[in-house]
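Descriptive structure summary
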Number of protein chains: 2
Amino acid sequence: MPVQMQTMADAIRVLSMDAVEQAASGHPGMPMGMADVATVLWTKFLKYDASRPDWADRDRFVLSAGHGSMLLYSLLHLTGFKAMTLDQIKAFRQLNSKTPGHPEVFHTPGVETTTGPLGQGLATAVGMAMAERHLAAKYGADLVDHRTWVMAGDGCLMEGVSHEAISLAGRLKLNKLTVMWDDNNVTIDGPVTLSESGDQIARFKAAGWAVKAIDGHDVGQIRRALAWATKQDRPSLIACKTKIGKGAATMEGHHKTHGAALGATEIAATRDKMGWGAEPFHVPEDVSKAWRSAGRKGAKLRKAWEARLAASPAKTDLTRALKGELPADAFARLDAHIAEAVASKPAAATRQHSGSALDALFGSIPEMVGGSADLTGSNNTFVKNTQILDEPDYSGRYVNYGVREFGMAAAMNGMALHGGVIPYGGAFMVFSDYSRPAIRLGALMGVRVIHVMTHDSIGVGEDGPTHQPVEHLAAMRAMPNLNVFRPADAVETAECWRLALEAAKTPSFMALSRQKVPAVRTEASAENLSAKGAYELRAADGAAKVTIFASGTEVSVALAARDLLQAEGIGTRVVSTPCWELFAAQPAAYRTKVLGKGTVRVAVEAAASFGWERFIGEDGAFVGMDGFGASAPADQLYKHFGVTAEAVAAAAKSKLG
Amino acid sequence: MPVQMQTMADAIRVLSMDAVEQAASGHPGMPMGMADVATVLWTKFLKYDASRPDWADRDRFVLSAGHGSMLLYSLLHLTGFKAMTLDQIKAFRQLNSKTPGHPEVFHTPGVETTTGPLGQGLATAVGMAMAERHLAAKYGADLVDHRTWVMAGDGCLMEGVSHEAISLAGRLKLNKLTVMWDDNNVTIDGPVTLSESGDQIARFKAAGWAVKAIDGHDVGQIRRALAWATKQDRPSLIACKTKIGKGAATMEGHHKTHGAALGATEIAATRDKMGWGAEPFHVPEDVSKAWRSAGRKGAKLRKAWEARLAASPAKTDLTRALKGELPADAFARLDAHIAEAVASKPAAATRQHSGSALDALFGSIPEMVGGSADLTGSNNTFVKNTQILDEPDYSGRYVNYGVREFGMAAAMNGMALHGGVIPYGGAFMVFSDYSRPAIRLGALMGVRVIHVMTHDSIGVGEDGPTHQPVEHLAAMRAMPNLNVFRPADAVETAECWRLALEAAKTPSFMALSRQKVPAVRTEASAENLSAKGAYELRAADGAAKVTIFASGTEVSVALAARDLLQAEGIGTRVVSTPCWELFAAQPAAYRTKVLGKGTVRVAVEAAASFGWERFIGEDGAFVGMDGFGASAPADQLYKHFGVTAEAVAAAAKSKLG
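Chain A appears in an unreviewed UniProt entry as Transketolase from Phenylobacterium conjunctum. Quoted straight from UniProt, the Catalytic activity (unreviewed entry) entry for chain A says "D-sedoheptulose 7-phosphate + D-glyceraldehyde 3-phosphate = aldehydo-D-ribose 5-phosphate + D-xylulose 5-phosphate". Its UniProt record, at the heading Function (unreviewed entry), says of chain A: "Catalyzes the transfer of a two-carbon ketol group from a ketose donor to an aldose acceptor, via a covalent intermediate with the cofactor thiamine pyrophosphate."

Next up, the structure:
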């Protein structure tokens, strides 16, 4: 007799409750509640090969409700993902295990994205589904044809980012995206009605999704619903009515199963009820076999795909893009652009220089896909004649993300995780606060996503303090594994774009100006000076008594201050600091030289001083902002807040005594 | 003949296009498009008295689409708000004017909240409507009975926070909240269909709102819809189909009217078409009179209300709460709690100490209203026996915000702006990234909102890096006008709560631990030592050779390190740094003394080092995190990442040489 689906699902339940019990920490409720849906999905619908977690044309499974990680770990173990041994299951939530509290991509094979921050799994999945449609349009369904399946809980759907994600997916008619909502009526604080009265089904429908509601414990209904989902011409939601902690002897349906071990007594009673053996972590041989057989099913499909790829003229290009390797001549046009800029010394806003750099890159790196959160003209993110990535032809390379900064950033993470795409997207820098949770998750995962953040200071001008970043540079510089670039002119902007594209495991944050700046890099350089993070842009005439540090638009302020000081015979050097993170990675000797500790040190940046002691020490002077901005023309604001060459020179002289 | 509504609306249009033209910067499209709706609202429905912008029982008008500021400024000018002179209109977007690019509360009388960051006006308005319902339940409809009216654009409704806001409002059945959606089919990048295909009306209905669609230029329809809204038993949405830039001679309906001056030719043609005089900023006397009469209408209601208040037994209490003054004995029980803690030296997590402090405050400060984003038990935000603020009885003092960190923070801003309520709300600290945009807006506005952020470091343990703040302390400390508190034990936690409540114009961020810490403040103190921001907690035995700085849970690590060093005869002082912002505000002499520049300086904090040079200089040692956390029991993580007393002592000794 074949093993029943119910029994296979119980294997997930038992492993999940045992692992949480052993760790004395974790979330058994969701894995137990969604075990039936997961079992049908992973045995009948999901396209994967457990022996090749990195098969490019696999379906993506995203556990947006990442606290239910034991559901995913159980599935990976049962279906035979090599890294997910029983010992790893037993080491749930322990140091260095493959089974951390929340799933972590690149740490555990079979995990497609790091989840835990609610709502973001869903929003990331939208990006994966976009990348799939895009690459399918580009390379054909023979090579790219897979689905993205998401499990989401009430928490995911309460988070605002879920709105941005489902609107965007609905607008783009991402028909290969399916969300299975764990509709269990429970949140941490108690019944979901404590804080929610919305109609999720009507909501998804309003966003253009196909919708269906089922009993999430009825295998037949689950099977029919998943089959139905694969036939829709738009994204689909399956509302799965479930009981949290399903199967638990006495606690089934109770919010206390959400986030704590069930306890030995309950577990024993649950085993009894299920007719399961007493030994923790034990899975009967026939159940185990049935699961492993499901895990092997995709091998045939995978091999057929490999054969198609091998025979395809697109093989080299697609393989390269999927590996994340840049074309050999990726930067040839950019180098020419830099040489041209050194010669012509263009004065413009750095956002415009960024647009010019993009002009030189976009044609050379076909996997770049741009976009903006409804600020295309302001962000200078659009390269002329680019087609829009839209339904029904997804081959375009520019996305109209709408006013959805967070959804955009999360979708970009998903595209980068999917592979074959290098996403960049524009927004006003002050609203990096909106996308910050996804910027962080991208930094934690280590994905190549480029956040084009324009209007980077009081230089915004009349739009006023709500639109003027002040603390954002510091707040972003504090984040691990994020390169924050603030280039000063055309040359630095192009250099920083190159560094962003070369950083395959680190997202980049480009802080770009609204207002015009003069060229400061007016001499040819054999090396990418921005790669050092900070470097001496101008040496002192005579002995250096003063060092001025600056980034971005204030580099020209620093140079003007240097002129004032040198005119009085005070030897002054200027250090440009386009990327603090890269500077911190330089050898100590280089850093010491650049910092110029023997000199009076002054920093100028139209931003909060927080963190600048790293360059100027405790005794240096800082010229910048000590509060929020104001609404007025930009040049007046610079004077009003005293971010001027005169102020820098005066600060230096005051320190010189 | 009475002046036609249409003509009154044209006055808004003309002032708006003239002001934007004069500034050569701004957004005429929205004010012109929504002028008809605004005119009907401000002449027939909105309860206000232009001579008393601070009348407590006025209706609140929130321009969520804050870029349409000239709509609001025109209304304030036309209805006779004293501060809004014609000169101010002419100084639109100029330094120090009352007419900044986006409306700023406390800067311009009549502006109820600062808007511009899209979606937040709506989310803030939800908090205002909650405060109104709460105070109405508490004080009766005689004293509190007003509506909240919101104008929102497509951008507001695309932002994720709009989902959190409308779900929460729907759940709470906030029937005195009405949103007028400027349904103009246009976003900055072009037609709204570029990025949106959702059905907003179905969406709001799914969230439990009453919905209605009208022609936003038909005065009769507008009037009937606004009247309809006042009769609903739930929040209401009026979808106002409008033309952006309505009235503009040739550009009406075009997205180019959104964010730039129309130009002299278009303006002249528009004046012609409207039959309006040529002189910029001119409003004909009869039109002006009609508007001023509307602005005076509410005076009678206001006087009647004042009389009712004067006669009410609640007068003293309500007046005090509305002024934002704390009760005279607000801290009596807290002082007793502190004295008790000094004596009993309780060891517990600082989130638990926070719960104990709340126990001592909640009864004494009746305007405190708490809540949590579905983490009540974890955040320790609930005071026993508190009723839930819910429909139909809004008198409760605890809100089940649901998994809506951003919506919660924005609603708290709205409650604080409304007045009569001091809101606090709990979340996991790592998800302060989600609420950050509202935390910033609260800091910019200067409102008393207390963000209770628990699980503040790798001390989170098994939940892993997605749930462990690393850079958040630095990112928050970088923000202007936000007090970031990280108390070390029961006494500091209580002190910090007092400081948060006393800071009437600064929001507070309480970083609290999940894990247990020993008491460190074991001696009675006459003053609130945390008020200094940083202070010497333990002097050195003998001459001080080392200073160790720490905050929160690492203060006990610092003390243990001191023991190790003193055991070797190395005089070591320990400085606790519960609030950097307050320390920065101390006199230089005090700061110098605390910093102990002559000594070897070491800081320990289970967080990123960013910003610590402020205490330890360039040559000090930092013991903490240099990347993201990991999933494992907390005590193991502290060892794994080397945040230990031994590491601190070793760092000090290495610096001593």
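**A word on the overall build of chain A**
Each helix and strand in chain A was counted, giving 27 helices and 20 strands. Computed over its C-alpha atoms, the radius of gyration of chain A comes to 27 Å, within 12% of the 26 Å expected for a compact globule of 657 residues. Dimensions of chain A, computed from the C-alpha atoms along their principal axes, are close to 95 × 55 × 45 Å. Among the 657 residues that make up chain A, the fraction classed as buried is 69%.

**Some words on the relation of the copies chain B and chain A**
The two copies are related by a screw motion: chain B maps onto chain A through a turn of 180° and a shift of 0.0 Å along the axis, at an RMSD of 0.0 Å. With respect to symmetry, the two chain copies, as superposed, fit the operation of a two-fold axis. Of all interface residues in chain B, 99% are interface residues in chain A too; the two copies therefore contact each other through one and the same surface.

**Considerations on the UniProt feature "domain: Transketolase-like pyrimidine-binding" (unreviewed entry) in chain A**
Within this numbering scheme, the UniProt entry marks residues 348-519 of chain A as carrying the feature "domain: Transketolase-like pyrimidine-binding" (unreviewed entry). Between the C-alpha atoms that bound residues 348-519 of chain A there is a distance of 8 Å. The span itself is 37% helix and 19% strand.

**Here we look at the side chain of His217(B)**
Residues and elements named next belong to chain B. Position of His217 relative to the elements: it lies in the loop between β6 (210-215) and α10 (219-229). His217 sits in the buried class, given a relative accessible area of 17%. A distance of 2.9 Å separates polar atoms of two side chains, one belonging to His217 and the other to Asp36. Setting aside chain neighbours within four positions, we find His217 in contact with Arg13, Gly33, Asp36, Ile222, Lys241, Thr242, Lys243 and Lys246.

**Observations concerning the sheet that holds strand β18 (residues 572-576) of chain B**
All names here are of chain B. Spatially, β16-β18-β17-β19-β20 is the arrangement adopted by the five strands of the open sheet, whose pairing is mixed. Each edge of the open sheet carries a strand with a single partner, namely β16 (535-538) and β20 (621-625). For this sheet, the mean inter-axis angle between neighbouring strands, taken without regard to orientation, is 25°. Both strand β17 (residues 546-550) and strand β19 (residues 600-608) contribute to a ladder of five bridges, which runs parallel. Note that in β19 the partner of Val546 across the bridge is Val600.

**A short note on the environment of Asp329(A)**
Residues and elements named next belong to chain A. Looking at the secondary structure, you find Asp329 in the loop between α14 (315-323) and α15 (332-344). On the basis of relative accessibility, which here comes to 48%, the residue Asp329 falls in the partly exposed class. Residues Asp329 and Leu361, 32 residues apart in the sequence, show an inter-C-alpha distance of 10.0 Å.

**Some points on the sheet that holds strand β7 (residues 236-241) of chain A**
All names here are of chain A. Spatial ordering of the open sheet is given by β1-β2-β3-β7-β6, a layout of five strands whose pairing is parallel. Among the strands making up the open sheet, the edge pair consists of β1 (60-63) and β6 (210-215). Along the sheet, successive strands turn relative to each other by an average axial angle of 15°, direction set aside. Bridging between strand β2 (residues 148-152) and strand β3 (residues 177-183) involves five bridges; their strand directions are parallel. In the sheet register, Thr148 faces β3, and the bridge partner there is Leu177. The strands touched by helix α6 (residues 120-139) are β1, β2 and β3; relative to β2, the strand with the most contacts, the crossing angle is about 175°.

**Description of the interface of chain B and chain A**
Each partner contributes residues to the interface: chain B has 104 residues there, and chain A has 103 residues. Seen at the junction of chain B and chain A, the total is 14 salt bridges. With a shortest N-O distance of 2.6 Å, Arg614(A) and Glu613(B) are connected by a salt bridge. Taken together, the links from chain B to chain A amount to 51 residue pairs in polar contact (both at pLDDT 80 or more). Residue composition of the side of chain B that touches chain A, by class: 42 nonpolar, 37 polar and 25 charged.

**Description of unusual backbone geometry**
Cis geometry is adopted by the peptide bond preceding Pro392(A), which originates at Glu391(A) and carries an omega value of 0°. Tracing the backbone shows Pro392(A) in the loop between α17 (376-379) and β10 (398-400). Here the phi dihedral of Asn481(A) falls at roughly 55°; this positive angle occurs in a residue that is not glycine. Within the fold, Asn481(A) resides in the loop between α20 (472-477) and β13 (483-485). Exposure remark for Asn481(A): the relative accessible area of 31% places this residue in the partly exposed category. Non-glycine residue Asn185(B) carries a positive phi angle of around 65°. Position of Asn185(B) among the secondary structure elements: in the loop between β3 (177-183) and β4 (186-187).

**Section: the packing of helix α22 (residues 554-567) of chain A against helix α27 (residues 645-656) of chain A**
All names here are of chain A. Two elements in contact, α22 and α27, have axes separated by 8 Å at closest approach and are oriented at 55°. Considering their axes alone, α22 and α27 lie oblique with respect to each other. Where α22 crosses over α27, the two elements pack in a sense that is right-handed. Along the contact surface, α22 presents Val557, Ala560, Ala561, Leu564 and Leu565, while α27 presents Ala645, Glu646, Val648, Ala649, Ala652 and Lys653. Partitioning the contact of α22 with α27 into residue classes produces nine nonpolar, no polar and two charged.

**So, the packing of helix α6 (residues 120-139) of chain B against helix α8 (residues 160-171) of chain B**
Residues and elements named next belong to chain B. Taken N-terminus to C-terminus, the directions of α6 and α8 make an angle of 20°; their axes are 8 Å apart at the nearest point. The angle between α6 and α8 places the two elements in the roughly parallel class. The crossing of α6 and α8 is left-handed. Here Gln120, Leu122, Ala123, Val126 and Met130 of α6 lie close against α8, whose contacting residues are Val161, Ser162, Ala165, Ile166, Leu168 and Ala169. Each residue belonging to the contact of α6 with α8 can be placed in one class, and the counts come to nine nonpolar, two polar and no charged.

**Digging into the pattern of salt bridges**
Counted under the stated rule, the structure contains 68 salt bridges over all chains. The shortest N-O distance in the salt bridge between Arg58(B) and Glu112(B) comes to 2.7 Å. With Arg58(B) in the loop between α3 (35-45) and β1 (60-63) and Glu112(B) in the loop between α5 (86-90) and α6, this pair connects stretches of sequence that are 54 residues apart. Residue Glu112(B) is classed as buried on the basis of its relative accessible area of 11%. Glu568(B) is the salt-bridge partner of Lys653(B), the closest N and O atoms lying 2.8 Å from each other. Taken as a pair, Lys653(B) in helix α27 (residues 645-656) and Glu568(B) in the loop between α22 (554-567) and β18 lie far apart in primary sequence, 85 residues in all. Three or more residues joined by partner-sharing salt bridges are found here, namely Asp456(A), Arg477(A), Arg486(A), Glu554(A) and Glu605(A).

**Some thoughts on the nonpolar core**
Of all hydrophobic cores here, the largest spans 145 residues; its most connected members are Trp42(A), Met130(A) and Met151(A). Setting aside residues up to four positions removed in sequence, Met130(A) forms contacts with Leu168(A), Leu172(A), Leu174(A), Val399(A), Tyr401(A), Ala411(A) and Met415(A).

**Section: helix α19 (residues 432-445) of chain B**
Residues and elements named next belong to chain B. Helix length check: α19, at 14 residues, gives a terminal C-alpha distance of 18 Å against a target of 20 Å (1.5 Å per residue), a fit within 8%. Largest kink in α19: about 35°, centred on Ala438. With respect to burial, α19 is a largely interior element, 13 of its 14 residues being buried. A positive backbone phi angle near 80° is found at Gly446, which sits one or two residues after α19.

Calculation rules
- Residues numbered from 1 in each chain as written.
- Chains lettered and ligands numbered in written order.
- Predicted model: local features only at pLDDT ≥ 70, side-chain atom pairs only at ≥ 80, totals over all residues.
- Heavy atoms only, no water.
- UniProt positions renumbered as here; feature names shortened; annotations may be inferred.
- Helix = DSSP H or I, 4+ residues; strand = E, 2+ residues; numbered from the N terminus.
- Rg over C-alpha atoms; globule rule 2.2 N^0.38 Å.
- Buried < 20%, exposed > 50% of the residue type's maximum accessible area, 1.4 Å probe, protein only.
- Least-squares fit on C-alpha atoms with pLDDT ≥ 70 in both.
- Contact = heavy atoms within 4.5 Å.
- Polar contact = N/O pair within 3.5 Å; in protein donor to acceptor, adjacent residues only side chain to side chain.
- Pairing = 2+ DSSP bridges.
- Axes fitted to C-alpha atoms, helices over the stretch in contact; angles between N-to-C directions.
- Salt bridge = Lys/Arg side-chain N within 4 Å of Asp/Glu carboxyl O.
- Nonpolar A, V, L, I, M, F, W, Y, C, P; charged D, E, K, R; others polar.
- Parallel < 35°, antiparallel > 145°, perpendicular 65-115°, else oblique.
- Left-handed = near helix turned anticlockwise from the far one by under 90°.
- Core = buried A, V, L, I, M, F, W, Y, C linked by side-chain atoms within 4.5 Å.
- Expected span 1.5 Å × (residues − 1).
- Bend = angle between axes of the 7 residues up to and from the residue.

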